[in-house]
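Spelled out, the chains give:
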Amino acid sequence: MPQASDAGRVFTARPASVSPWVVGAVGIAALVAIPILAVLSSLTSPAVEIWVHLWRTQLVELTWNTVRLLAGVGAGTLVLGTALAWLVVHHRFPGRTVLEWALILPLAMPAYVIGFASLGLFDFAGPVQTALRRAFGESLRLPEIRSYGGVTLMMVLVYYPYVYLLARAAFRAQGGATLETARSLGRSRVVAFLRVTLPLARPSLVAGAALAMMEALADFGTVATFGYRTYTEAIYRVWYGMFERVAATQLASVLLLFAFALMLLERSSRGRQRFTQGMRRGPATMPLPLAGWRAWMATATCAAVLTLAFLLPVGQLAWWGIEAVREGRVSRDFPVLLANTLSLAALAAAAACVFAVVLAYAGRLHPTRAVQVAGQFASMGYALPGSVIAVGVLLPLAWVDHGAGALLERVLGRPVGLFVTGSVIGLVGAYVVRFLAVSLQTVDASLTRISPILDDAARSLGARAGGVLRRVHVPMIRGGLATALILVFVETMKEMPATLLLRPFGFNTLSVEVWERTSEALWHEAAVPALAIVGAGLLPVILAIRWSTRDTRGR
Amino acid sequence: MRVITLLSRMIAFGLVLGLGVVSGEAQEVVVYSARSSQYGPELVFDAFTKKTGIQVKTFGGNTSELFERLKAEGDKTPADVLISVDAGNLWNAARAGLLSRVDSPEIVANIPAHLRDPENRWAGLTVRARTIMYNTKKVKPEELSTYDALGDPKWKGRLCLRTSSYIYNQSFVATMIKRQGEAKTEAIMKTWAANEPILINGDTKILESIAAGQCDVGVTNTYYLARIVAKDPAFAVAPFWANQQTTGTHINISGAGVTAHAKNRANAIKLIEFLTTPEAQQMFADHAFEYPANPQAAVNPVLAKWGKFKQDDINIAAAGEFQAAATRLADRAGYK
């Protein structure tokens, strides 16, 4: 019977030598932390006067707005994501196999695009309210969608897949034995879920909610679309409105405090407990077949979420897209854009996941403060608005270009252009900085579930740390790894600010194409590349889901 | 391990792509553009290449981020020309030393003085008028006069505005400061805020809201309305040319400047000169429903129906000069 317990320490290497894992982890963390340090360096010249102005005019309001948005998004995604994962993993109902992967789809679209499309449907001038006014009189007023409630609901619908994906991976990894054991001890299904399944999955659930909250924290596009003023509003007001980029970066670095608080929260929720299961997971999950109205209720619930979060906005986009296609306002080099987007996303996903495995595994082998802090610090880029971290990446890259360029020029005797700034490596680096949190949280959460007894057993049989990782852990965290790959892949495809700023010359992607249209408010034309992002994400998502579910059936 | 081979291949691919951008050909000009290439420039650049044989390479991005890239690249920048929307951004780039002075009689002749940098580091290419929009079924034009008058209590709850974070609003307030002074402007903004405007993010959205009856008047750029009217002539919103008896309707520009470290400076100047000719201006105007900066070019027929109007002829550099002050002023006045 798996158990949350204090027992068991991971087999550690002899203290005399410094483990290559630690060196690797600290090295990766240091590299990834450079842009974050660049952001923090803005604190050395405090823009006191701007802070005072903001404090007098709006800082309290904006901070309060941010805090309650985070609370709403955290709670909402936690409940919705967990409930959906529970339904899908542990039950059988019509449409389940399709819904299982389809429920991830809201993640494949930039949140502000979904936000804009939903707004177009549901705001005062939109078709829904217009029809209602026609039916019930012109004086009919619905609650304003541009509000706390509206934006929170929107974000919950867009970000619940983080929790859903991680919860799903956790529930699957638990297998059926856990639940069955609890049931055989006389617990009802619901009680077993609440008392056993849920607590065991806690690291994953909290990690998912933390990701959703960080996403909400860093967001500017969606909240701006909804006219909801959060802390990021102050950042861009100072940057774009007052031309004070350094002061804006300073404001942004405060977001790192928020992020740090979130991570502490996440760590402390794990406490000193361990969430491991025994060596043998036992049989795969045995989904309970639902019958009659229960089955249809389950289907309807999942379908309703999918409709609101995905099908409706996509329908709106498709409607616009058809118009754009008819008018011939579609890019000519779509295949190139698609290929660029996919290869960038694949590179970023692979890099972020390899880095995450090294960091997480080093933390497992050597659970010292240094290794843990390194990982946490390195993954904070996720809580920063995309364009702030993009400039954070740009500055060190340009610095390398100018420094190394001068050296090269002396050696070669001819002028050298920029070779890191605006290279694919620089761009992928930016993605890793931004999305390492996603892969690290996911991998770490699934690694935590594996009992250290396994490590000890494998090591006592003479396997080396790398071998144990490859032959024991990686196969066991397959689900978590697949989740991490999907998440980073999809995040990269839709990422816009860093892509715009750091992409190589003449190297365009689908999200650049989205920008080309939305920057002039040509939303109808933006629909086509936005839908292409969703379409391009579909295949890898389905493949990864397949790959991650295979192990629960085969063995 | 397979993963490692795969990774090293990917890194090699990255390096190849990264190094590929270093070299350049002779007859070209490189443009960093905050103006979407889809909406005008693409056509005009094609025409330029056809005429001169000079290839135009563009790199699009948001103004403030392009500014950072240009600055970070320093003397190594591949950019020859910076095209930006909003005069404030051009002013800021010039202030940071990213743009260089160009003394071209042709540009001076083509573009009116108030649409150019007083030190000739940038020039306007298109004019974007920002004026009062009203629901033609609910408001009579006689009820409207100036921007200031939107603070009249009769518009309480009937006014739709963009937020003051929107760059065009910041430039609007900035030129108002230049015209009327900070104290007067703040008082006006307070009356706007007191009318509890419905804040809507998007000029098109504001126009739709006015048409749907959520509000009766608003302030937007005219090309958004032109786009709608071109498809739906019955759309129940019309522009009112504000401040015709006083300072003239507020305008902003999209414009261009030659970068300080341009490698193809001569080509860059040629390009900007071409962009100011009536021929090129016509393409901008036809395609994007903006007003040509060169008064010799004809306006789009959709715009022509709205008649001629008096532009505020204050030098648009004021949009940059007072932008930070405008942002703070809006904060103080409670205009969100």
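Residues numbered from 1 in each chain as written. Chains lettered and ligands numbered in written order. Predicted model: local features only at pLDDT ≥ 70, side-chain atom pairs only at ≥ 80, totals over all residues.

Section: the overall build of chain A
When its secondary structure is counted, chain A shows 23 helices and two strands. Relative to the compact-globule value of 24 Å for 555 residues, chain A shows a C-alpha radius of gyration of 24 Å, a close match. In chain A, 85% of the contacts between residues at least 6 apart in sequence involve partners at least 24 apart. (Helix = DSSP H or I, 4+ residues; strand = E, 2+ residues; numbered from the N terminus. Rg over C-alpha atoms; globule rule 2.2 N^0.38 Å. Contact = placed C-beta atoms within 7 Å.)

Examining the environment of L62(A)
Residue and element names in this part refer to chain A. Along the polypeptide, L62 turns up in helix 3 (residues 59-90). Along the primary structure L62 and A234 are separated by 172 residues, whereas in three dimensions their C-alpha atoms are 7.7 Å apart. Those residues in contact with L62, other than ones at most four positions away along the chain, are R229, T230, Y231, E233 and A234.

Description of the interface of chain B and chain A
Opposite the 52 residues of chain B that make contact, chain A presents 54 residues. Only helix 1 (2-20), strand 2 (55-60), helix 3 (63-73), helix 6 (167-180), helix 8 (203-212) and helix 14 (323-333) of chain B provide two or more residues apiece to the side of chain B that touches chain A. In terms of residue count, the dominant contributor to the side of chain B that touches chain A is helix 1 of chain B (seven residues).

Some details on the pairing of strand 1 (residues 28-33) of chain B
Residue and element names in this part refer to chain B. Buried residues dominate strand 1, accounting for five of its six residues. Here six bridges tie strand 1 to strand 2, and the two strands are oriented parallel to one another. Residue pairing for strand 2: S33 is matched across the bridge by G60. Pairing between strand 1 and strand 3 (residues 81-85): three bridges, direction parallel. In the strand pairing of strand 3, S33 is matched with I83. (Buried ≥ 20, exposed ≤ 12 C-beta atoms within 10 Å, placed from the backbone. Pairing = 2+ DSSP bridges.)

Concerning the environment of S171(B)
Residues and elements named next belong to chain B. Relative to the assigned elements, S171 resides in helix 6. On the neighbour-count criterion, S171 (28 C-beta atoms within 10 Å) is buried. Look past the residues within four positions of S171 in its chain and what remains in contact with it is D86, A87, G88, N252, A319 and Q323.

Details of the environment of A182(A)
Along the polypeptide, A182(A) turns up in helix 8 (residues 177-184). With sequence-adjacent residues up to four places away left out, A182(A) is seen in contact with R187(A), A192(A), R195(A) and V196(A).

Section: unusual backbone geometry
Residue and element names in this part refer to chain B. Of note, the phi angle at E196 is positive, near 45°, even though the residue is not glycine. Along the polypeptide, E196 turns up in the loop between helix 7 (182-194) and strand 7 (198-199). Of the residues examined, E196 has 12 C-beta atoms within 10 Å and is grouped as exposed. Non-glycine residue F289 carries a positive phi angle of around 60°. Of note, F289 is situated in the loop between helix 11 (278-288) and strand 11 (291-292).

Looking at the domain arrangement of chain B
All names here are of chain B. For chain B, the assigned domains are domain 1 (25-127 + 253-298) and domain 2 (128-250 + 313-333). On a C-alpha basis, the centres of domain 1 and domain 2 stand 27 Å from each other. The interface of domain 1 with domain 2 comprises 18 residues on the first partner and 19 residues on the second. Among the secondary structure elements, those contributing two or more residues to the side of domain 1 that touches domain 2 are helix 4 (87-95), strand 5 (123-135) and strand 10 (251-259). (Domains from an automatic or database assignment.)

Remarks on the confidence of the model for chain A
Residues of chain A with pLDDT of at least 70 account for 93%, and the chain-wide mean is 85. Segment residues 1-14 of chain A: pLDDT under 50, and 31 contacts once partners within four positions in sequence are set aside and those in other chains are kept. (pLDDT = per-residue confidence, 0-100.)

Focus on helix 14 of chain B
An α-helix turns once every 3.6 residues. As a result, residues three or four positions apart point the same way. Of all the 11 residues making up helix 14 of chain B, eight are buried; the element is thus mostly covered by neighbouring parts of the structure. Among the residues making up helix 14 of chain B, those that are buried are Q323(B), A326(B), T327(B), R328(B), L329(B), A330(B), D331(B) and A333(B). In the core, the buried residues of helix 14 of chain B are packed alongside helix 2 (48-57) and helix 11 (231-242) of chain A together with helix 4, helix 6, helix 7 and helix 13 (318-321) of chain B. At the exit of helix 14 of chain B stands G334(B), carrying a positive phi of roughly 80°.

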